[in-house]
Amino acid sequence: MKTFLKALLLVIFILPAVGEAQNRINISARLYEDSKTLVIQQDIYFVNTSNDTLTTLYFNDWANSFASKQSKLGKRFAENYDRRFHLATTEERGYTQINSVIDDTFKMLDFERISKAEDILKINLNNPLAPGATQHLKLSYEIHIPDSRFTGYGALNNGDFNLKYWFIAPAVYDGEWHYYSNKDLDDLYMVPTDFKIDFSFKKNYLLINELVQTQSSIDEESSYRTVHLEGKNRNNTTIYFRQNSDFLITETDPVTVITNISDTKVIPEREALIIDKITNYLDKELGDYPFEKLVISNIDYKENPVYGLNQLPNFFSPFPEDFKYELKILKTAINNYVDRTLFINPREHKWVADVVKMNMMMRYMDTYYPNLKVLGTLNRYWVARQFNISNLEFNEQYNLLYMHMARLNLDQSLATPKDSLIKFNVNISNSYKAASGVNYLSEYLSDTLIQNSIKQFYSENQLKLTTPKNFEQIVRSKTNKNLDWFFNDFVTTRKNIDFKFNEVKKKGDSINIELRNKTGILVPVPVYGMKGDSIVSKTWVDGFEKETNISISNKDIDRVVINAEGFIPEFNRRNNYKKLNPFLGVNKPFQFKLFQDLEDPSKNQVFFMPVAEYNFYDGFRLGAKMYNKTLLSKPFSYKIEPQYGFKSNKITGSAGFTYTQNLDEGNLFAIRYGIGGSLSSYAPDALYKKYSPFITFAFRPDDFRSDKREYLSIRNINVYRDESNFISNDDPNYSVFNVQYSNNNPGVINSLSWNTDFQLAQKFSKLSVTAKYRKVFLNNRQFDLRFFGGTFLYNDTRSDGDYFSFATDRPTDYLFNYNYYGRSESSGLFSQQLILAEGGFKSQLDTPFGNQWLTSINTSTTLWNFIHGYVDVGLIKNQVNPARFLYDSGIRTVLVEDYFEIFFPIHSSNGWEVGQQNYDQKIRFIVTLDIGTMLSLFTRKWY
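Everything numeric in this text was worked out from a predicted model, so none of it was measured.

(A) Region of the structure containing the overall build of the chain. Scanning the chain for helices and strands turns up 15 helices and 49 strands. Scaling as 2.2 N^0.38, a compact globule of 943 residues should have a C-alpha radius of gyration of about 30 Å, and the chain matches this with 33 Å. Along the first, second and third principal axes, the C-alpha set of the chain runs to 120 × 85 × 55 Å. Here the chain holds 943 residues, and the buried ones make up 53% of them. Taking all contacts inside the chain whose residues are at least 6 apart in sequence as the whole, residues at least 24 apart take part in 62%. In the chain, 108 positive and 108 negative side-chain charges are present, and the distance between their average locations comes to 4 Å.

Below, the structure is given as structure tokens:
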């Protein structure tokens, strides 16, 4: 009896403590659909699980991140070249209005938003909160729901709603506060929380949510439905309101899946089978899902799609519709499955979740599609099989896309906080680096060891706060091998992996090999003995700093290879091959191919591609380009491009050889050396030849997300021109030494760039400065300002004309830098092409050149939509003559900014140009036909 009473007393005292062991949130919310407003009464029970006494609590009010265009969310949109948020009204953006915050004694509490973080709420307590104690807060507030076009969440155009991060959530405290602003990264950090929610909304709506719905009632008088939701150990309460629901329910043994990811080309029965297949796979590999429902929505998929599939048009898709649907469900289900149950700080430790997710993806493909190639069904065609990319296994794409960023010197460590990653890395590359890393670890240890480690980590840390250290301890406990190389180097640094052979010699029945570690990262590496394409032996070499020597048997071996299977994400595998008896010292055969291909490290690749260009004097120029650039950048690249001009009947073309030295540390991130040359017509009967050796130093800030770049370029331009009956050519051959420094800080809201240019030639020397500024105001009005100032340090070319003079509206381009379609034309359409350089005037003024100095200011501002007004003013000075003031003004139509624009002069130093004869010949245009330049418009937000 005494034992029973002791047990009863123990239960009585323990139960309250257990009930208060974690945070609880009770919410009463009403959705006012017409005004797009949520009215919320919220009770928060914050448990102090730390050993510290707290006097202040912090909360995430991410709904208020939309309140200001200068918020961190607004700046994030601008960094990604997205103007939509900047141009939106206050009502479209939304905000939070807090009415009151009181404690459980009904006393008002002071609260404030912390500096430069509108979405972080600081609440000062009236009484200190002791360790283990619970603070009950009552909040009353309204949320004005933002438009869904910014993030996908919010108010939809059809009256539906997607609600995420719609309530005020306690920040995590574990000895220090973990709070941060919303940056549209889907990474709110919460402790496991118990929710009770009463949500009221118009009865014609359906509510879709993962929480358990225990009851529902309708107030016939107000036509409002109230739904009661509950959930324990949650970090997600995303709610979808639909007037006509597109969500379908699929019952599977492990979990009920609710999704609106659908494909009209896949029958519903097949969709259900695919969902069942995936949930059973996850149940087997990770264990029981702790909740009854798993919602996976279209917006979830759009936030994290299967890259490659989402960019291909349907008519070109290399995969069956069933398989594409399966991949969409697989990736989205894995993401939500892991994010709902592993409570890892998603901003600081994204890589741990990525390891789990990507390992699940790769093993699924190995299990069900072990022979699938990345080109899918295209491999049926002979043409596709001629490309090396056709041999790429589906799971090998992860190394490829991570290495894409490494070759560009834009890769970032796995431990980099999520908000510090550039867009390509946060969306693609770092997840793929995690996939490459866990695959590398599996090969080094064993697949079974890594699979068991991931499963144990998931089961032991499910539904509680965890850290990367827990994963590391589990993996280390299962092996005696030193894994510092993975956790201390591969994860936390951006050091590249690159090995090569120093020396390979036969000695008796052995092969003595000297290996060199080119980057110094202490990772293990396998060395293979091979006969043709067959692996004869495989020897793991532990990490070493510079050089090391090993010996392997030479039985049945004709070559040795480092990393032959390619599972190590190595920076350069082209130096990994050595033949034991090379013919003429050539270790790899040459391969000649039409069109660019994936890099094949076992061959010396040379590519050919037909090219077509146009200028007024040569007409259409057809030719072929021979080059070595693959889908991945490489340090040394060359391009030889002979062409034939059908109008001039002359051979033209260009050639270039470049070596880029990437630097991992410091602001100087690249040094580029090279020489380039071109041959083309500059007049109807004359060619110019140009060649230029150069060296360029490239600098960037420590913040990789910053687009700011600085370049110091030193080159010597040598020009040789044929004599022409059409163009005066008093000084046909010349050489110019040129030093240019440029500082570029582009942006979609604010943009500032400037450069200085120094030129030295036999007959002249000049110095100039150019600065450009662009600002988009909150009312969507744009203002552009450009300044140019240039002066001759000395000029002995005055008697030879104005070929080297400063130009007001049409530079002669004696350095042949600009893409003129008719560079020597003084009349006709091609003379109206505008290159915005030097003076930058749009009108063709009566003083077009200055042989002493020139200054100008070019401005334009928005009048309406894409119609801008421009004004240019300047001073020009020629020897003997006094300085002259020049100006022009007109209308600028911006079709694609800086790429396709038309200028209509109105008034200038020439008078009213609109009323003058041949006005159509005064209209100027900017037209860019270069595909690479145009593509930069679409890729700039990713890099």
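Anyway, onward from the coordinates.
(B) Quick peek at the packing of aromatic side chains. Tallied over the full model, the rule gives 69 aromatic pairs. Seen from their ring centres, Phe616 and Phe830 are 5.0 Å apart, and the 35° between their planes marks the pair as tilted. Pair noted here: Phe616 is in the loop between β31 (604–615) and β32 (619–627) and Phe830 is in the loop between β42 (806–807) and β43 (849–850), with a separation of 214 residues, a long-range link. Given a relative accessible area of 25%, Phe616 falls into the partly exposed group. With centroids separated by 6.3 Å and ring planes inclined at 75°, the aromatic side chains of Phe764 and Phe792 adopt a geometry described as edge-to-face. Taken as a pair, Phe764 in strand β40 (residues 764–776) and Phe792 in strand β41 (residues 782–795) lie far apart in primary sequence, 28 residues in all. Both residues of the pair, Phe764 and Phe792, belong to the buried class. An aromatic cluster is defined as three or more aromatic residues linked by ring pairs; in this entry it consists of Trp351, Tyr440, Tyr444, Phe457, Phe471, Trp485, Phe486, Phe487, Phe490, Trp540 and Phe567. In this arrangement the basic side chain of Arg24 is found over the ring face of Tyr45, its NZ or CZ atom lying 4.0 Å from the centre. The side chain of Arg93 reaches across the aromatic face of Phe85, ending 5.8 Å from its centre.

(C) Seen up close, the packing of helix α5 (residues 268–286) against helix α7 (residues 321–341). Packing of α5 against α7 brings their axes to within 10 Å, and their N-to-C directions diverge by 40°. Judged by the inter-axis angle, α5 sits oblique to α7. The chirality of how α5 crosses α7 is right-handed. Listed contacts from α7 to Arg270, Glu271, Ile274, Ile275, Lys277, Ile278, Leu282, Asp283 and Leu286 of α5 are Asp322, Tyr325, Glu326, Ile329, Leu330, Ala333, Ile334, Tyr337 and Val338. The class makeup of the residues in the contact of α5 with α7 is 12 nonpolar, no polar and 6 charged.

About the cut-offs
- Residues numbered from 1 in each chain as written.
- Predicted model: local features only at pLDDT ≥ 70, side-chain atom pairs only at ≥ 80, totals over all residues.
- Heavy atoms only, no water.
- Helix = DSSP H or I, 4+ residues; strand = E, 2+ residues; numbered from the N terminus.
- Rg over C-alpha atoms; globule rule 2.2 N^0.38 Å.
- Buried < 20%, exposed > 50% of the residue type's maximum accessible area, 1.4 Å probe, protein only.
- Contact = heavy atoms within 4.5 Å.
- Lys, Arg positive; Asp, Glu negative; His and termini not counted.
- Charge placed at Lys NZ, Arg CZ, Asp CG, Glu CD.
- Phe/Tyr/Trp six-rings, centres within 6.5 Å; stacked < 30°, edge-to-face > 60°.
- Lys NZ or Arg CZ within 6 Å of the ring centre and 35° of its normal.
- Axes fitted to C-alpha atoms, helices over the stretch in contact; angles between N-to-C directions.
- Parallel < 35°, antiparallel > 145°, perpendicular 65-115°, else oblique.
- Left-handed = near helix turned anticlockwise from the far one by under 90°.
- Nonpolar A, V, L, I, M, F, W, Y, C, P; charged D, E, K, R; others polar.

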